[in-house]
Amino acid sequence: AAKQAGRNRFHQFDAAQERAQREQREQGLRLREALVQAQFVLFLQPKVVMQTGQVIGAEALVRWQHPERGLLPPGAFLPLLDGTELEIDFGQWVVEAALAQLEQLLDAGLNLPVSVNISAQHLQHPDFAGWMVQCLARHPRVAPRLLELEITESAALYDLTAVTETLATLRALGVAISLDDFGTGYSSLTYLRRLPMDTLKIDQSFVQGMMADPGDRAIVQGVIGLAQSFGYQVIAEGVETIEQGQLLQQLGCAQAQGYCIARPMPLGAFIDWSRHWQQPTAWQHFPSEGYS
Ligand code: C2E
Ligand code: MG
Ligand code: MG
Ligand code: MG
């Protein structure tokens with residue numbers, strides 16, 4: 001009887017596993033369908049110099065315009081792509097779509113860089129740099145300096161030697177590199193100095209914590225100090241209040257991105273926004289000289 005029960009448990013386990021695998025396959029198919037049917041869309045979120053209000057670029061953030069469920073944030077579907085074959089196709093779509101948006105921005109008279117988020121797997125693809133070169137060649141109107149790549153520390157550190165080479169190749173072309181969510185990973189200072197890159201992005205968790213938590217404030221200060229001593233630009237993400245923006249400027253971070261400036265929005269709305277945007281007057285009192 002015990003043996004029989006064991007076998008049943010096994011059967012149940014098999015059934016549950018089978019169901020999970022089937023669901024995964026179906027989700028994969030739906031994502032591929034979404035890619036083929038062009039259901040993904042890139043929203044743009046502006047990056048500004050707080051003191052002058054100057055718009056210095058935008059980050060492209062993917063959304064899934066789902067036929068039944070409406071507009072889905074990346075957190076709802078990117079995890080399903082993780083580690084699948086589709087991840088590279090998707091990553092390539094994102095870069096192509098960003099280049100197409102860059103052309104539309106140029107048509108609208110906006111000569112602004114756009115950054116794209118690159119997944120660890122895509123970055124580590126052996127031909128990532130070569131593919132990127134071809135991609136840029138297909139969009140001759142878009143100068144390479146208009147494209148920025150946002151990578152996370154863990155993606156960069158996974159295979160430091162290969163990634164360093166990839167990033168160096170791309171930077172030599174003029175493509176800028178940002179380290180995203182900085183402070184949440186495990187990079188050592190030695191690695192940080194070796195990585196060919198341009199900008200540190202202070203993770204939003206520290207920005208949102210720094211008003212009340214001295215530890216978070218110390219991390220923000222530390223990241224700004226690191227950026228200054230290594231000669232990197234620094235930008236704060238997730239700036240939601242004027243007060244956060246003021247403190248960031250006091251601490252030496254001049255650039256920001258966040259809801260108190262603008263939410264991510266479709267291309268057309270971004271073009272309108274950039275024609276009408278005025279920075280909060282409370283930010284004009286903070287001198288930007290001497291800061292990166
Ligand atoms: P991320 O690259 O760190 O992007 C910043 C996230 O913070 C975005 O969330 C943005 O909408 C959100 N955000 C911006 N300002 C504020 C603010 O003031 N307050 C708060 N609470 N949030 C703010 P989103 O669009 O949901 O994207 C989440 C993450 O998904 C991104 O984090 C990025 O890691 C990933 N992601 C987005 N688009 C892509 C993509 O095209 N490819 C890849 N591989 N990853 C992407
Ligand atoms: Mg990002
Ligand atoms: Mg980030
Ligand atoms: Mg993030």
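Report follows, based on the coordinates. Position numbers for residues start from 1 in each chain and track the written sequence from start to end. The order in which chains are written sets their letters, starting at A; the order in which ligands are written sets their numbers, starting at 1. The predicted origin of the model limits local features to residues at a pLDDT of at least 70 and limits the giving and counting of side-chain atom pairs to 80 or more, whereas totals for whole chains, interfaces and linings rest on all residues. Processing note: side-chain calculations cover all non-hydrogen atoms of the structure and skip hydrogens and water entirely.

1. Describing the pattern of salt bridges
Reasoning step 1: Salt bridges, as used here, are contacts in which a Lys or Arg side-chain nitrogen is within 4 Å of a carboxyl oxygen on Asp or Glu. Tallied over the full model, the rule gives nine salt bridges.
Reasoning step 2: Among the salt bridges present, the one from Glu 150 reaches Lys 201, with a minimum N-O distance of 2.8 Å. Note that Glu 150 is positioned in strand β5 (residues 147-152) and Lys 201 in strand β7 (residues 199-202), a separation of 51 residues in sequence.
Reasoning step 3: For Lys 201, a relative accessible area of 0% corresponds to the buried category.
Reasoning step 4: Two residues, Lys 201 and Glu 237, come together in a salt bridge whose shortest N-O distance is 3.6 Å. Placement of the pair is Lys 201 in strand β7 and Glu 237 in the loop between β8 (233-236) and α11 (242-251), with a sequence separation of 36 residues.
Reasoning step 5: For every residue, the accessible area (1.4 Å probe, protein chains only) is compared with the maximum for its type, and the residue is labelled buried under 20%, exposed over 50%, or partly exposed between those bounds. Classification of Glu 237 as buried rests on a relative accessible area of 7%.
Reasoning step 6: Connected through shared salt-bridge partners, Lys 47, Glu 59, Glu 148, Glu 150, Lys 201 and Glu 237 make up one network. A run of H or I in DSSP counts as a helix once it spans at least four residues, and a run of E counts as a strand once it spans at least two, with each numbered from the N terminus.

2. Quick look at the environment of Leu 99
Reasoning step 1: In this structure, Leu 99 sits in helix α3 (residues 86-107).
Reasoning step 2: Taking the C-alpha atoms as reference points, Leu 99 and His 139, separated by 40 residues in sequence, lie 7.0 Å from one another.

3. Here we look at the packing of aromatic side chains
Reasoning step 1: Put simply, two rings from Phe, Tyr or Trp (the six-membered ring, in Trp's case) pair if the centres are within 6.5 Å, and we call them stacked under 30 degrees between planes, edge-to-face over 60, tilted for the rest. Summed over all chains, the structure comprises ten aromatic pairs.
Reasoning step 2: Consider the rings of Phe 40 and Phe 90, whose centres lie 5.2 Å apart with planes at 80°: the pair is edge-to-face. On the criterion of sequence distance, the pair formed by Phe 40 in strand β1 (residues 40-49) and Phe 90 in helix α3 is long-range, its members being 50 residues apart. The two residues Phe 40 and Phe 90 agree in class, both being buried.
Reasoning step 3: The interplanar angle of 25° and the centroid separation of 5.1 Å between the aromatic rings of Trp 273 and Trp 277 together place this pair among those described as stacked. Both residues of the pair, Trp 273 and Trp 277, belong to the buried class.
Reasoning step 4: Members of the aromatic cluster, connected to one another through ring pairs, are Phe 40, Trp 64, Phe 77, Phe 90 and Trp 93.
Reasoning step 5: By definition here, charges over rings are those cases where NZ of Lys or CZ of Arg is within 6 Å of the ring centre and within 35 degrees of the ring normal. The positively charged end of Arg 263 is found above the aromatic ring belonging to Tyr 259, 3.8 Å away from the centroid.

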